[in-house]
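Per-entry structural report
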Amino acid sequence: MIKLTKLLLNLTKMWLKRIKNFLKKPKPKKPRKKRKTRPKPKLIIRKCTQLPLKLEKAISNPIMEPKYKNKWESWQTFNPAAIYLNNKVHFLYRAIGEGGLSVFGYASSKNGIHIDERSETPAYALKRGFLESLTKTNAPGYSSGGSVSGCEDPRIAEIDGTIYLIYTTFSNWSELRLTLASISKDDFLNKRWDQWKKPVFISAPNEIHKNWVLFPEKINNKYAILHSISPNIQIDYFDSLDELDGKTFIKSSYSRSYIKDGWEAYFRGVGPSPIKTSKGWLVLYHAEDKKDTSKYKLGAMILDLKDPTKILYRAKQPVLEPSLPYENNGFKSGIVYSCGAVVIDDTLFVYYGGADTVVCVATANLEEFIEPLTQKLRKTSFIKKLKK
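Residues numbered from 1 in each chain as written. Predicted model: local features only at pLDDT ≥ 70, side-chain atom pairs only at ≥ 80, totals over all residues. Heavy atoms only, no water.

**Let's talk about the sheet that holds strand β13 (residues 234-238)**
An order of β11-β12-β13 is seen for the three strands of this open sheet, with the pairing classed as antiparallel. Strand pairing shows two members of the sheet lacking a second neighbour, β11 (213-214) and β13, which therefore form its edges. Bridge count for β11 against strand β12 (residues 223-228) is two bridges, and the pairing is antiparallel. Each residue of the ladder has a partner; that of V213, found in β12, is L226. (Pairing = 2+ DSSP bridges. Helix = DSSP H or I, 4+ residues; strand = E, 2+ residues; numbered from the N terminus.)

**Thoughts on the packing of aromatic side chains**
Tallied over the entire structure, the rule returns 13 aromatic pairs. Ring centres of F91 and Y351 lie 4.8 Å apart, and the angle between their planes is 85 degrees; this geometry places the pair in the edge-to-face category. Here the residue F91 occupies a position in strand β4 (residues 88-96), and Y351 occupies one in strand β20 (residues 347-354), the gap between them amounting to 260 residues. Accessibility classification places F91 together with Y351 in one group, the buried group. Plain terms: the ring middles of Y124 and W196 are 5.1 Å apart, the flat faces sit at 80 degrees to each other, and that makes the pair edge-to-face. Pair noted here: Y124 is in the loop between β6 (117-118) and α2 (128-132) and W196 is in the loop between α3 (185-189) and β10 (200-201), with a separation of 72 residues, a long-range link. (Phe/Tyr/Trp six-rings, centres within 6.5 Å; stacked < 30°, edge-to-face > 60°. Buried < 20%, exposed > 50% of the residue type's maximum accessible area, 1.4 Å probe, protein only.)

**Re the environment of D160**
Within the secondary structure layout, D160 lies in the loop between β7 (149-159) and β8 (162-171). Exposure remark for D160: the relative accessible area of 61% places this residue in the exposed category. Note: C-alpha distance between D160 and P216 (56 residues apart in sequence) is 10.0 Å. Among residues more than four places away in sequence, those in contact with D160 are K218 and Y223. (Contact = heavy atoms within 4.5 Å.)

**Observations concerning helix α5 (residues 366-374)**
Of all the residues in α5, the buried ones are L366, F369, I370, P372, L373 and T374. On its buried face, α5 sits against β16 (281-289), β17 (296-303), β18 (311-314), β19 (336-344), β20 and β21 (358-365). A distance of 3.1 Å separates the backbone nitrogen of E367 from a side-chain oxygen at the start of α5, and that oxygen is part of N365. (Polar contact = N/O pair within 3.5 Å; in protein donor to acceptor, adjacent residues only side chain to side chain.)

**Description of a negative patch on the surface**
Taken together, D345, D346, E367 and E371 make up a surface patch of like negative charges. Among the secondary structure elements, E367 is positioned in helix α5. (Patch = residues over 30% accessible without salt bridge, like charges linked within 9 Å, V, L, I, M, F, W, Y side chains within 5 Å. Areas by Shrake-Rupley, 256 points an atom, 1.4 Å probe, with all protein chains shown as cover. Salt bridge = Lys/Arg side-chain N within 4 Å of Asp/Glu carboxyl O. Lys, Arg positive; Asp, Glu negative; His and termini not counted. Charge placed at Lys NZ, Arg CZ, Asp CG, Glu CD.)

**Here we look at the pattern of salt bridges**
As enumerated under the stated definition, the model contains 19 salt bridges in all. As a salt-bridge pair, K67 and E120 come within 3.1 Å of each other at their nearest N and O atoms. Remark: E120 occurs in the loop between β6 and α2 and K67 occurs in the loop between β2 (56-57) and β3 (76-85); sequence separation between them is 53 residues. A salt bridge links E207 to K251, with the shortest nitrogen-to-oxygen separation between them at 2.6 Å. Taken together, the residues E207 in the loop between β10 and β11 and K251 in the loop between β13 and β14 (264-270) connect sequence positions 44 residues apart. With a relative accessible area of 18%, E207 lands in the buried category. Using a relative accessible area of 61% as the deciding quantity, one classes K251 as exposed. Through salt bridges that share partners, K54, D289, K297 and E321 make up one connected network.

**Remarks on the nonpolar core**
The tendency in soluble globular proteins is for nonpolar side chains to be buried side by side. Membership of the largest hydrophobic core comes to 25 residues, with the highest contact counts inside it found for L55, L282, V319, L348 and F369. Those residues in contact with V319 that lie beyond four places of it in its chain are L53, K54, L55, L284, L298, G299, A300 and F369. Core analysis: the second largest hydrophobic core is formed by 24 residues, C151, A181, I183 and F201 among them. (Core = buried A, V, L, I, M, F, W, Y, C linked by side-chain atoms within 4.5 Å.)

**Things to note about the sheet that holds β21**
Overall, antiparallel pairing links the four strands, which are arranged β2-β21-β20-β19 in an open sheet. Edge strands, defined here as strands with exactly one partner in the open sheet, are β2 and β19. Judged from the eight bridges that link them, β20 and β21 form a sheet pairing that is antiparallel. If you follow G353 over to β21, its bridge partner there is V359. On top of the sheet, α5 reaches β19, β20 and β21; it is set at about 75 degrees to β21, its chief contact. (Axes fitted to C-alpha atoms, helices over the stretch in contact; angles between N-to-C directions.)

**What about the pairing of β8?**
Counting buried residues along β8, nine of its 10 residues qualify, which places the element largely inside the surrounding structure. Relative to β8, β7 runs antiparallel, the two sharing nine bridges. Its bridge partner lying in β8, R155 is registered against I166. Counted between consecutive antiparallel strands, the loop separating β7 from β8 contains two residues, among which D160 sits at a positive phi close to 55 degrees. Pairing between β8 and strand β9 (residues 176-184): nine bridges, direction antiparallel. Within β9, the position partnered with I166 by the bridge is L180.

**Some remarks on the confidence of the model for the chain**
For the chain, mean pLDDT is 85; residues scoring 70 or higher make up 79% of the total. Residue range residues 40-49 is modelled with pLDDT below 50. Its contacts to residues more than four positions away, or to other chains, number 24 contacts. (pLDDT = per-residue confidence, 0-100.)

As structure tokens, this is what we get:
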């Protein structure tokens, strides 16, 4: 009995000791939650080649539409030449009406947007005899911009009191010639349209060319005609434009070249006559986009003032695109086509045909427009701020 009592006592002491040791053992620490750390700012490298250039389309577009009461312009009115004289913008716009003959109408605007005056009869139309002087070919005929024959896509410039007009004479696609006409500034301003001098062909027969322009002032004391921008800039110089007498022609070449890193699928040709700026000659041109060759878009480049065969700068993106209904609903969808531009009080006004049907305008501050074009930006880096 005594032995049993001692055994129970020893067992009791052993368990009490174990319990005591267990109670003294520190409680296991809970794992600490990891502290949230703010991610380091991300370094982003961007290759900046040029800031975007854009022309702002007027909310009142289109500024001219066909007049159905006038048969000669009842179908289409588009692609106007423009010149700023005596505090007015003067337009010669392409018009097509019944019969499919293409002629030029006249209009004017004091502020460059709202039309204040518009002629009821054509300001310029080719005589049948002149059209018949085109070389005849066996090529099948088809319309150009909606017309079957006539004058199309005018460009206008004034030098030393004379208004010069360059346009395309058309009668079947294979019977197409660049043509030069002129009128005195006084006769033009007073709308004496019967005083136009007899037109002369300035492109060679049996060749197809379009989009030739006269620089608005002499370069190195010579008249300068820009007649190709693809595959390179081609300009012919003349002491007098009388040298182009209908027997002497400008020899031009054109191919559908493109720039490897440019947006252009290929170049169509020059738009308005070049505009003189502080950075060089601003040239707007037509091209088709690599992303969508069904649309005509407007590009921009700067040429050297003394030697305009040198390209100083070129926009990396189009400056005008057909995105609105009046540029896509008409005779030909997806077209912005410019033949005229002027500068009024530092504002650039670019006039263009929308969908080969109506006349539109887009504007920009001239210096603000060309400044990004002439900036050569390096690779730049910046730290992007992340929200907390």
